[in-house]
Amino acid sequence: MLLFYVRHGDPIYDPDSLTPLGERQAEAVAKRLALYGIDKIYSSTSNRAMLTSKPTCEILKKEPILLDFAHENHAWKDLTVKREDGKGVRWLFHEEWTRQLFNEKSIRDLGDRWYEHPAFEGYNYKKGIERIYDGVDTLLGELGYEHDRYTGRYKIREANDKRIALFAHQGFGLAFLSCLLDIPYPMFSTHFDMGHTGMTVIEFDGKEGYSIPKVLTLSSDSHLYREGLPTNYNNALRF
């Protein structure tokens, strides 16, 4: 099985939508996915994710399956921290002091229980990350792969060659992929990222009844290059 994780296009956050550039990006990624063929299309319940999935659904004549656990608002409530300047909250992987802490040995030694660090007292990050773990386990279970968190493997209940697409977000996506791959969230969220309509492809192969998911590409934007669209990383860096 191949899982295609696609971040939404260039967004308008309020109201929740896409910019004209985001709409072109969605069309570009749809052309790319149409070349491969997709058996099921999932989407976050946010409007910008659904709008990004729309061209793919139209080309492949499929209805999206909506996943509310993938909505960015839930992850925003679960995995943010108060800003040091007192101006609201930020993602844990964006606030400088948490980024630094995430890579210290005291956090690394805690592994999956990173949220037990004394610096996070008063925050309920365990509940937030467990919510996403549960969503991952439910989704993959429905697709034929039973997650064994202890070994970091998936027991194959129904081996298949299906191609599955999920359209969602950056903040949620970093947590989703860390849970799916059993890589502690502090490590994954500070060392990896995804751009607008970046496509991450994960292979679930089947050997001896178990699968260890493998990332084949992370946040690929070759569809944007092919269509002559800007390959700006989150409208900041061009490469």
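For the structure itself, look to the data block above.
Source: prediction; values computed, not measured.

Caption draft 1: Structural view of the packing of aromatic side chains. Per the counting criterion, the structure on display carries 19 aromatic pairs. On the numbers, 5.7 Å between centres and 65° between planes, the contact of W114 with Y115 is edge-to-face. With a centroid separation of 5.3 Å and 50° between ring planes, the pair formed by Y145 and F204 is classed as tilted. Note that Y145 is positioned in strand 8 (residues 145-148) and F204 in the loop between strand 11 (199-203) and strand 12 (210-211), a separation of 59 residues in sequence. Classification of Y145 by relative accessible area gives buried; the value is 2%. An aromatic cluster of three or more residues is present, and its members are W97, F102, W114, Y115, F120, Y123, Y125 and Y185. Over the ring of Y210 we find R153; its NZ or CZ atom is 3.7 Å from the centre of that ring.

Caption draft 2: Seen up close, the sheet that holds strand 11. Spatially, six strands are ordered 5-4-10-1-11-13 in an open sheet, and the strand pairing comes out mixed. Edge positions in the open sheet fall to strand 5 (65-67) and strand 13 (214-220), since each of these has one partner strand only. Taken pair by pair, the neighbouring strands of this sheet meet at an average axis angle of 20°, ignoring direction. Taken together, the five bridges between strand 1 (residues 2-7) and strand 11 define a ladder with antiparallel strand orientation. From the neighbouring strand, F4 faces strand 11, where its bridge partner is V201. On top of the sheet, helix 7 (residues 170-181) reaches strand 1, strand 10 (163-168), strand 11 and strand 13; it is set at about 155° to strand 1, its chief contact.

Thresholds applied
Residues numbered from 1 in each chain as written. Predicted model: local features only at pLDDT ≥ 70, side-chain atom pairs only at ≥ 80, totals over all residues. Heavy atoms only, no water. Phe/Tyr/Trp six-rings, centres within 6.5 Å; stacked < 30°, edge-to-face > 60°. Helix = DSSP H or I, 4+ residues; strand = E, 2+ residues; numbered from the N terminus. Buried < 20%, exposed > 50% of the residue type's maximum accessible area, 1.4 Å probe, protein only. Lys NZ or Arg CZ within 6 Å of the ring centre and 35° of its normal. Pairing = 2+ DSSP bridges. Axes fitted to C-alpha atoms, helices over the stretch in contact; angles between N-to-C directions. Contact = heavy atoms within 4.5 Å.

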